[in-house]
Amino acid sequence: MSGVRPADYPPPFSNAEVIGAPTDAPDERIDVGILIVGGGPGGLACAVRLGQLLDEHPDVRERLGEVPVAVLEKGKQAGSHLLSGAVMNPRAIRKLFAGRMPIEEMPTYGPVHEEAVYLLTKGAALRIPPPPTMMNHHNWVVSLSELGRFLGEQAEAGGAMILPETSGEKLLLEDGRVAGVRTGDKGRGKDGEPLANFEPGADVTAKVTVLAEGTAGHLTTAAIDHFGLHGRNPQIWALGVKEVWKVAKPLRKVVHTMGWPLRKRAKYGEFGGSWIYPMGDDHVSIGFVVGLEYADVELSAHDLLQEFKTHRLVRRILHGGERVAWGAKTITEGGLNSVPSSLAAPGLLLVGEGAGLVNVPRLKGVHYAIESGRLAAETAFAALQRGEEPGRAGALAGYDDALRSSYVWKELRQVRNMRQAFDKGFFVGGALASAMTVTKGKLPPKERRTHPNAETPLLRTRRAERYPAPDGSLTFDKLSSVFLSGNRTRDDQPNHIRLDTSVPRDVAEMWHWMCPAQVYEVGEDNGDGTVQVLVNPSNCVQCGAISAKGGRLTPPEGGSGPEYTIT
């Protein structure tokens, strides 16, 4: 074990850079009623619900001005940056569209009728009874990017203005309250110089700002720090890499696996597993997730997925098929004890995965995002309808109350220690998780702690020697995968990734292996025990893993990154 930790080499970045006063003159600002940052399920559900409420109360809509609801989306369109498994609990979306549209009219691949869970070794697959947390009957298979486009259409139909290719770069404060967001510049060169097509960002001011940025949100992280909203535990993440395959034979059940190719001993810190979900008769979604507290320098989620596909169980499903899509994203994993102490601040509401609302044992977060977005909309609307000043301390506190009394909080409380239990290793963790499941989280009674992913000391085991070589048929390299993501990042735009570029070799190589998009390369030896880190930001698919493991991802130019369509 080298003992070196990525956390010992922090990036040249401060959250203070992300928060400040408006810079545009008052008459040059873009003024909207309610501003939502992020066109994912949480932000768009918030916009949809606001549209419903404003239709019922046209007087409030009129008071909110020409643009009562605006959504900033950094991708090309709603859904462009969305990736998930995803088997969705339909509870929240049914409530959002209750009396307006049945789920059968939404873009899904139907309900789950059969499921299988396997414990894998390298050469075998033992089918086991699905643990209660992994039962999916009555849930629905969806493509999150397709669902995002649908929700975007519904939000626009309700009067929301979606601003695509627009990143939120800075949280604006006035008199201690959040007053909106400054958007990022467009058309700058590698060194920040304005190009011929340069467009400066703008101050977008609002009565209420809703941050729905998803995993490891840029503004959300800064807001939690500025307002002192940290949860009892630090937040942690996993990294998921996903492929969509066109297959020759339909898959009729959802499949989850545990075990191989991850190692079970606690010293490796390897927690995760896989999914294989049917997407109609001719496509399947396949992915592998690994927690980012792992210790091995050479662990790679992308290569674990390639190795996983060589198992005979998986080969049979993919036989005769063709890979048609690829993507990667981090998943918020800390659980209830890592959720911010409050999800509201003066003029501000936090929703969805950026707020930590993910049930890791159940592999569910989409319906929590939708439910929290709906509750945030109702809280913001109620304050504005009453004529209250949402920037006043406590004016939006009803959101915390609504969320804490909802099923979201109840379910998260029951599994609040389950993810942490697996820090003890696969077998001890499994036993603790069983006790928590049976007692609905009451046993063991002790609250379990987490440490930031980047604080794990690194070790070497020559893990990479076991990854399969890319064959272009079943297994693939990282660069061809990035191409398949539809990545739209300009080669000549400024670097949006902050990290220490002179670090010990173990840290540099860990970043190289960790990144599913081959953004980081190990450069020359500095002669002092460190090496140079070379960064290829145009490869980046904005998965967020670097923010968990010692760097900081900031928003690139709006419209950059992947163009997911069926992930």
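The preceding data block contains the structure.
Throughout what follows, the structure given in this document is the object of discussion.

Quick notes on the rules
- Residues numbered from 1 in each chain as written.
- Predicted model: local features only at pLDDT ≥ 70, side-chain atom pairs only at ≥ 80, totals over all residues.
- Heavy atoms only, no water.
- Helix = DSSP H or I, 4+ residues; strand = E, 2+ residues; numbered from the N terminus.
- Rg over C-alpha atoms; globule rule 2.2 N^0.38 Å.
- Buried < 20%, exposed > 50% of the residue type's maximum accessible area, 1.4 Å probe, protein only.
- Areas by Shrake-Rupley, 256 points an atom, 1.4 Å probe, with all protein chains shown as cover.
- Lys, Arg positive; Asp, Glu negative; His and termini not counted.
- Charge placed at Lys NZ, Arg CZ, Asp CG, Glu CD.
- Patch = residues over 30% accessible without salt bridge, like charges linked within 9 Å, V, L, I, M, F, W, Y side chains within 5 Å.
- Salt bridge = Lys/Arg side-chain N within 4 Å of Asp/Glu carboxyl O.
- Core = buried A, V, L, I, M, F, W, Y, C linked by side-chain atoms within 4.5 Å.
- Contact = heavy atoms within 4.5 Å.
- Phe/Tyr/Trp six-rings, centres within 6.5 Å; stacked < 30°, edge-to-face > 60°.
- Axes fitted to C-alpha atoms, helices over the stretch in contact; angles between N-to-C directions.
- Nonpolar A, V, L, I, M, F, W, Y, C, P; charged D, E, K, R; others polar.
- Parallel < 35°, antiparallel > 145°, perpendicular 65-115°, else oblique.
- Left-handed = near helix turned anticlockwise from the far one by under 90°.
- Pairing = 2+ DSSP bridges.
- Expected span 1.5 Å × (residues − 1).

A few words on the overall build of the protein chain. Looking only at helices and strands, the protein chain has 15 helices and 25 strands in total. Against the globule reference of 24 Å for 567 residues, the protein chain gives a C-alpha radius of gyration of 23 Å, in line with a compact fold. Along the longest, intermediate and shortest principal axes, the C-alpha atoms of the protein chain span 65 × 60 × 50 Å. Across the 567 residues that make up the protein chain, the buried fraction comes to 60%. Summing over all exposed atoms, the protein chain offers an accessible surface of approximately 21,800 Å²; the carbon and sulfur share of this is 52%. Side-chain charges in the protein chain split into 64 positive and 66 negative, and the spacing between the mean points of these groups amounts to 10 Å.

The subject of this paragraph is a positive patch on the surface. On the surface, Arg91, Lys95, Arg362, Lys410 and Lys440 cluster together into a patch of positive charge. Checked against the element boundaries, lysine 410 lands in helix α10 (residues 407–414).

Membership of the largest hydrophobic core comes to 86 residues, with the highest contact counts inside it found for Leu35, Ile36, Ile93, Phe97 and Leu349. The element contributing the most residues to this core is helix α8 (residues 366–385), with ten residues. Excluding anything up to four places from it in sequence, leucine 349 contacts Val208, Thr209, Val210, Leu211, Leu343, Ala344, Ala376, Ala380, Leu396 and Tyr399. Val290, Ile317, Trp511 and Ala548 belong to the second largest nonpolar core, which has 61 residues in total.

Applying the stated criterion across every chain, the model contains six aromatic pairs. Ring plane angle 50° and centroid distance 5.8 Å describe the contact between phenylalanine 97 and phenylalanine 150, whose orientation is recorded as tilted. Of the two residues, phenylalanine 97 is situated in the loop between α3 (91–96) and β5 (115–120) and phenylalanine 150 in helix α4 (residues 144–157); the sequence distance between them amounts to 53 residues. For the pair formed by phenylalanine 97 and phenylalanine 150, the shared burial category is buried.

A word on unusual backbone geometry. The omega angle of the peptide bond from glycine 85 to alanine 86 is -10°, so this bond is cis rather than trans. Residues tryptophan 260 and proline 261 are joined by a peptide bond in cis, for which omega reads 5°. The topology assignment puts proline 261 in the loop between β15 (254–259) and β16 (272–279). The residue histidine 138 is not glycine, and still its phi comes out positive at about 80°. Unlike most non-glycine residues, glutamate 165 shows phi in positive territory, near 55°. With respect to the secondary-structure elements, glutamate 165 resides in the loop between β8 (161–163) and β9 (168–174). Since its relative accessible area comes to 27%, glutamate 165 is described here as partly exposed.

Contact pair α8 / α10: the axes reach a minimum separation of 10 Å and the direction vectors enclose 140°. For the pair α8 and α10, contact is made by His367, Tyr368 and Glu371 and by Tyr407, Val408, Glu411 and Leu412, respectively. The residue inventory of the contact of α8 with α10, partitioned by class, reads four nonpolar, one polar and two charged.

Moving on: the packing of helix α1 (residues 41–56) against α4. With their axes 9 Å apart at the nearest point, α1 and α4 run at an angle of 20° to one another. In this view, α1 runs roughly parallel relative to α4, as classed from their interaxial angle. Here the hand of the crossing between α1 and α4 comes out left-handed. Contacts between α1 and α4 involve Pro41, Leu44, Ala47 and Val48 from the former and Leu144, Gly148, Leu151, Gly152, Gln154 and Ala155 from the latter. Tallied by class, the residues present in the contact of α1 with α4 amount to seven nonpolar, three polar and no charged.

Strand order in the open sheet formed by seven strands is β6-β5-β15-β16-β17-β14-β18, and the pairing between neighbours is mixed. The open sheet is flanked by β6 (125–128) and β18 (322–332), the only strands paired with a single partner. Direction aside, the axes of adjacent strands within the sheet are offset by 20° on average. Across nine bridges, the pairing between strand β14 (residues 237–246) and strand β17 (residues 283–291) is antiparallel. Its bridge partner being in β17, tryptophan 245 is matched across the sheet by valine 284. Relative to the sheet, helix α6 (residues 301–308) contacts β5, β14, β15, β16, β17 and β18, its axis offset from that of β17 by approximately 130°.

Owing to its 3.6 residues per turn, the α-helix brings residues three or four apart onto one side. Taking 1.5 Å per residue, 20 residues should reach 28 Å; α8 reaches 28 Å between its end C-alpha atoms and fits that length. Of all 20 residues in α8, 17 are buried, a share of seventy percent or more. The positive-phi residue at the C-terminal boundary of α8 is glycine 387, with phi of around 80°.

Here we take up the pattern of salt bridges. Within the structure shown, the criterion is met by 29 salt bridges. Between glutamate 165 and arginine 488 there is a salt bridge; the shortest N-O distance is 3.8 Å. Of this pair, glutamate 165 sits in the loop between β8 and β9 while arginine 488 sits in the loop between α13 (478–484) and β21 (497–498), and the two are 323 residues apart along the sequence. The class of arginine 488 is partly exposed, set by a relative accessible area of 33%.

Okay, the sheet that holds strand β22 (residues 502–504) next. Here three strands make up an open sheet; going across it, the order is β22-β24-β23 and the pairing antiparallel. The sheet is open, and its two edges are formed by β22 and β23 (520–525), each paired on a single side. The mean angle between the axes of side-by-side strands here comes to 50°, regardless of whether they run parallel or antiparallel. Where β23 lies against strand β24 (residues 530–535), four bridges are found, and the strand directions are antiparallel. The partner of glutamate 521 across the bridge, within β24, is leucine 534.

The subject of this paragraph is the environment of glutamate 199. Checked against the element boundaries, glutamate 199 lands in strand β12 (residues 194–199). For glutamate 199, a relative accessible area of 46% translates into the label partly exposed. In this structure, the C-alpha to C-alpha distance between glutamate 199 and glycine 187, residues twelve residues apart in sequence, is 6.1 Å. Among residues more than four places away in sequence, those in contact with glutamate 199 are Asp185 and Lys186.

If you check α1, its first and last C-alpha atoms are 23 Å apart, about what 16 residues at 1.5 Å a residue would give, namely 22 Å. Burial analysis of α1 places 14 of its 16 residues in the buried class, the great majority of the element.

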